[in-house]
Amino acid sequence: MLFRSSVFRKIRKTLTKRVLGHLEEVATNEGNKYREFWLQYGPIVREGIAADFENREALAKLLRFKSSHHEDKTALVGLAEYVGRMKEGQTEIYFASGPEVRSIERNPNLEAFRAKGVEVLYLTDPVDEFVLNNLYEFEAKKFISIEDGNAKVSELKTGDTAEKPEEQKPDDKVPDGFDRVVSLFKDALGERVEDIRASGRLTTSVACLVSPTGAFSAALERVLNAGSTKFKPAKRVLELNPKHPLIDRLISLANDAENVHFVKNCGQQIYANLMLLDGVVPDPHETADRMLNFMNELAQKR
């Protein structure tokens, strides 16, 4: 009878708003104190995003994440703080998922964001991505993974603090012979990838894996796959950096029929390396045999 009472419902609503308001005040004025609260009670706040639709906006302001903005990787960033630092023309909140900051920072997809000086939220807790997917947007800014093929970072202006490497633009002319390498890679990888194409987001890495628009990130797919044997990860797009020295060399080698097998093996190994960076173990026997063949070939040429 008490739980059904309209009086108790009003009391609950009032208390909830007061508590959330107090927490927002602490988060704004006493950052260190709120950080201690978040480290202990963060999971409860994240749970509220899915459980309490009425107070979702207030709860979103209390969320905290690690970020590429701070050299101190223990520092935490709020969504309002992130939005306040967004680049001119930026309409999306970018995030990267992984088991730890170190593995996230080795993600090749992060290169374009570094080059543009665009901040990226680091999601190291598997629950974080579920929370952002459930929240969908904050202050009319949608959340999007850096692995999403629809990420529009190439359209943003380069910031003053950004790194300045030469960036490959999607409409840049690819080298002659690049299509031949792509064709051989497709023959080697077959149905394991959705497509293979030139990248507009890489600056130093040879390749990266991009998720189809709207698909889950690789980190979230690992969580879903662990919870259900029926879950099938989406096929991803392999993007190659046409200006990378390895790709340039493979373009030269691909013209000789005797090198076709080697070029295909390189495509398979590039894909296997990217899978390992994502925390997914490719076929261990196939990968080990291929690496042994590479080492034998290198040893013969020393």
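Conventions used here
- Residues numbered from 1 in each chain as written.
- Predicted model: local features only at pLDDT ≥ 70, side-chain atom pairs only at ≥ 80, totals over all residues.
- Heavy atoms only, no water.
- Salt bridge = Lys/Arg side-chain N within 4 Å of Asp/Glu carboxyl O.
- Buried < 20%, exposed > 50% of the residue type's maximum accessible area, 1.4 Å probe, protein only.
- Helix = DSSP H or I, 4+ residues; strand = E, 2+ residues; numbered from the N terminus.
- Contact = heavy atoms within 4.5 Å.
- Axes fitted to C-alpha atoms, helices over the stretch in contact; angles between N-to-C directions.
- Parallel < 35°, antiparallel > 145°, perpendicular 65-115°, else oblique.
- Left-handed = near helix turned anticlockwise from the far one by under 90°.
- Expected span 1.5 Å × (residues − 1).
- Polar contact = N/O pair within 3.5 Å; in protein donor to acceptor, adjacent residues only side chain to side chain.
- pLDDT = per-residue confidence, 0-100.
- Pairing = 2+ DSSP bridges.
- Phe/Tyr/Trp six-rings, centres within 6.5 Å; stacked < 30°, edge-to-face > 60°.
- Core = buried A, V, L, I, M, F, W, Y, C linked by side-chain atoms within 4.5 Å.

1. Remarks on the pattern of salt bridges
Per the stated rule, a full pass over the model turns up 15 salt bridges. For the salt bridge of Asp-195 with Lys-186, the shortest nitrogen-to-oxygen distance reads 3.4 Å. Judged by its relative accessible area of 28%, Asp-195 falls in the partly exposed class. Of the charged contacts, one joins Glu-286 and Arg-192 as a salt bridge, the two residues approaching to 3.7 Å between their closest N and O atoms. Taken together, the residues Glu-286 in helix α12 (residues 284-300) and Arg-192 in the loop between α8 (178-189) and β7 (193-198) connect sequence positions 94 residues apart. Owing to a relative accessible area of 30%, Glu-286 belongs among the partly exposed residues under this scheme.

2. Here's the deal with the side chain of Asn-107
Residue position: Asn-107 is located in the loop between α5 (101-105) and α6 (111-116). When neighbours within four sequence positions are excluded, Asn-107 is seen to be in contact with Ile-146 and Glu-147.

3. Here we look at the packing of α8 against helix α11 (residues 260-277)
Put simply, α8 and α11 touch, their axes get as near as 8 Å, and they point 70° apart. Here α8 lies roughly perpendicular to α11, going by the angle between them. For the crossing formed where α8 meets α11, the hand is right-handed. Between α8 and α11, the residues in contact are Arg-180, Leu-184, Phe-185, Asp-187, Ala-188 and Leu-189 and Val-260, Val-263, Lys-264, Cys-266, Gly-267, Gln-268, Ile-270 and Tyr-271, respectively.

4. Focus on helix α1 (residues 6-29)
Counted at 1.5 Å a residue, the expected span for α1 with its 24 residues is 34 Å, and the 35 Å between its end C-alpha atoms agrees. When α1 is considered as a whole, its buried residues turn out to be Leu-20, Leu-23, Val-26 and Ala-27. Of the surrounding elements, those touching the buried residues of α1 are α2 (31-51), α3 (56-60) and β1 (64-67). Near the N-terminus of α1, the side chain that reaches the backbone nitrogen of Val-7, with its oxygen 3.2 Å away, is that of Ser-5.

5. Some remarks on the confidence of the model for the chain
Mean pLDDT for the chain: 86, with 90% of residues reaching 70 or above. For the chain, per-element mean pLDDT is lowest for helix α9 (residues 218-227), which scores 68, and highest for α8, which scores 96. Long-range and interchain partners of residues 161-171, a stretch whose pLDDT sits below 50, account for 26 contacts in this model, where long-range means more than four residues apart.

6. Overview of the sheet that holds strand β4 (residues 121-123)
Hydrogen bonds along the backbone pair up the strands of a sheet, which may run parallel or antiparallel. Taken in spatial order, the six strands make up an open sheet running β2-β1-β4-β3-β6-β5, and their pairing is mixed. Strands at the two margins of the open sheet, each flanked by one partner only, are β2 (77-78) and β5 (137-138). Two elements, β1 and β2, share two bridges in a ladder whose sense is antiparallel. Of the residues in β2, the one forming a bridge with Phe-65 is Val-77.

7. Some remarks on the packing of aromatic side chains
Scanning the entire structure with this criterion turns up four aromatic pairs. Centre to centre, the rings of Phe-37 and Tyr-41 are 5.3 Å apart; their planes meet at 35°, and the pair counts as tilted. Of this pair, Phe-37 and Tyr-41 both sit in helix α2, separated by four residues, roughly a single helical turn.

8. Considering the nonpolar core
Counting residues in each nonpolar core, the largest one holds 41 residues, and the members touching the most others are Leu-63, Leu-79, Tyr-94, Phe-113, Val-120, Leu-121 and Phe-143. Excluding residues that lie within four positions of it along the chain, Leu-63 makes contacts with Trp-38, Val-45, Arg-46, Ile-49, Val-77, Gly-78, Leu-79, Val-131 and Leu-135.

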